[in-house]
Amino acid sequence: MPEVLINGPAGRLEGRYTHGKQPNAPVALLLHPHPQHNGTMNNKVVFTLFQSFTKRGYSALRFNFRGVGRSQGTYDKGEGELADAAAALDWLQTYNPNAPVCWIGGVSFGAWIGMQLLMRRPEIDGFVSVSPPANLFDFSFLAPCPSSGLIIHGDRDELVPSASVTKLVTKLSHQKDIHIDHRVVPGANHFFVNRTDELAVQVDDYLGKAVGSSPTIPAVAE
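What counts and how
- Residues numbered from 1 in each chain as written.
- Predicted model: local features only at pLDDT ≥ 70, side-chain atom pairs only at ≥ 80, totals over all residues.
- Heavy atoms only, no water.
- Helix = DSSP H or I, 4+ residues; strand = E, 2+ residues; numbered from the N terminus.
- Buried < 20%, exposed > 50% of the residue type's maximum accessible area, 1.4 Å probe, protein only.
- Contact = heavy atoms within 4.5 Å.
- Areas by Shrake-Rupley, 256 points an atom, 1.4 Å probe, with all protein chains shown as cover.
- Pairing = 2+ DSSP bridges.
- Axes fitted to C-alpha atoms, helices over the stretch in contact; angles between N-to-C directions.
- UniProt positions renumbered as here; feature names shortened; annotations may be inferred.
- Salt bridge = Lys/Arg side-chain N within 4 Å of Asp/Glu carboxyl O.
- 1 Å grid on protein atoms, 1.4 Å probe; cavity = no way out; pocket = protein on both sides within 12 Å on 5 of 7 lines; lining within 4 Å.
- Points joined across faces, edges and corners; volume = space filled by probe spheres on them.
- Expected span 1.5 Å × (residues − 1).

Draft legend 1. Examining the overall build of the protein more closely. On a plain count of helices and strands, the protein comes out with five helices and eight strands. When the elements of the protein are put in sequence order from the N terminus, they spell out β-β-β-α-β-α-β-α-β-β-α-β-α. The principal-axis extents of the C-alpha atoms in the protein amount to approximately 40 × 40 × 35 Å. Each of the 222 residues in the protein was classed as buried or not, and the buried ones make up 54%. Taking contacts inside the protein between residues at least 6 apart in sequence as the whole, the part at least 24 apart equals 71%. Element-wise, carbon and sulfur atoms account for 50% of the exposed surface of the protein, whose accessible area totals about 9800 Å².

So, in structure tokens, the structure goes:
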């Protein structure tokens with residue numbers, strides 16, 4: 001899993017990248033939790049998502065937002081982190097210019113950033129949003145949400161009430177031609193401590209069904 005350095009808007013961004021073995025593999029970008037609350041690209045939930053995509057043959061990138069690890073810059077309340085994510089996606093597309101499909105995945109704060117990137121980049125075909133902090137950050141920009149995706153959280157989330165996530169899912173589900181697969185993992189807290197295996201099962205199941213049901217998302221040899 002090669003280490004990569006990406007030219008970001010505030011300086012170097014540190015990342016980890018796995019290139020798909022198939023020619024013209026689809027791509028996935030994974031975003032980590034809040035930089036000021038110990039969020040890094042090595043978060044176990046981020047790594048779980050990363051593995052879910054790479055084992056399906058995707059070229060996948062996870063990276064540290066500005067000010068985290070060896071990434072340069074300082075925390076910028078979401079605006080700078082969104083710019084970091086856009087720069088990371090640019091890098092991913094540069095190395096995969098013929099990728100037929102692009103996915104975004106995010107955890108907590110990273111889910112909020114990922115959904116904003118989804119609104120700005122029409123080439124993103126689907127999303128996986130884990131523990132979206134719908135009670136802490138404004139998701140009203142998803143009007144309309146441009147892509148279908150998975151929203152998943154635990155029923156013992158100590159930071160985000162289930163009702164807040166359900167309200168977000170209900171809002172998005174009312175939009176035409178958008179399907180939100182809403183899943184709840186029993187016994188899981190906000191960061192799925194001791195529940196990442198269960199998370200992986202759900203994400204793998206969703207990706208398998210999404211690939212199988214959409215003509216725009218090609219099946220990739222595992």
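More follows now that the structure is in view.
Draft legend 2. Representation of the sheet that holds strand β2 (residues 11-18) within the structure. The strand order across the open sheet formed by eight strands is β1-β2-β4-β3-β5-β6-β7-β8, and the pairing between neighbours is mixed. Looking at strand neighbours, the two that pair on one side only are β1 (3-8) and β8 (180-185), the edges of this open sheet. If you compare each strand with its neighbour and ignore which way they point, the axes differ by 20° on average. Alignment of β2 against strand β4 (residues 59-63), held across four bridges, turns out to be antiparallel. Bridge assignment links G15 to a residue of β4, and that residue is F63. Contacting β7 (149-154) and β8, helix α4 (residues 162-173) runs over the sheet at an angle of about 165° to β7.

Draft legend 3. Representation of the UniProt feature "domain: Xaa-Pro dipeptidyl-peptidase-like" (unreviewed entry) in the protein. As annotated by UniProt and renumbered to match this structure, "domain: Xaa-Pro dipeptidyl-peptidase-like" (unreviewed entry) occupies residues 24-138. In this annotation, residues 24-138 is assigned 34% helix and 18% strand; the end-to-end C-alpha distance for the span is 36 Å.

Draft legend 4. Summary view of the pattern of salt bridges. Enumeration over the complete set of coordinates arrives at eleven salt bridges. Across the salt bridge formed by R70 and E3, the nearest N and O atoms sit 1.7 Å from each other. With R70 in the loop between β4 and α2 (79-94) and E3 in strand β1, this pair connects stretches of sequence that are 67 residues apart. The class of R70 is partly exposed, set by a relative accessible area of 41%.

Draft legend 5. Quick look at empty space enclosed by the protein. The full count for this structure, using the stated rule, is one cavity of 30 Å³ or more. Here the largest cavity defines a volume of roughly 40 Å³. In this structure, the largest cavity is lined by I104, G105, G106, G110, A111, G114, M115, F127, V128 and S129. For the lining of the largest cavity, the secondary structure elements donating two or more residues are β5 (102-107), α3 (109-120) and β6 (126-130).

Draft legend 6. Structural view of α3. Taking 1.5 Å of rise per residue, twelve residues should cover 16 Å, and α3 covers 17 Å from first to last C-alpha, within 8% of that figure. Summarising burial for α3: ten of the twelve residues are buried, a large majority. Along α3, the residues that are buried comprise F109, G110, A111, W112, I113, G114, M115, Q116, L117 and L118. Buried residues along α3 sit in contact with β3 (27-31), α2, β5, β6 and α4.

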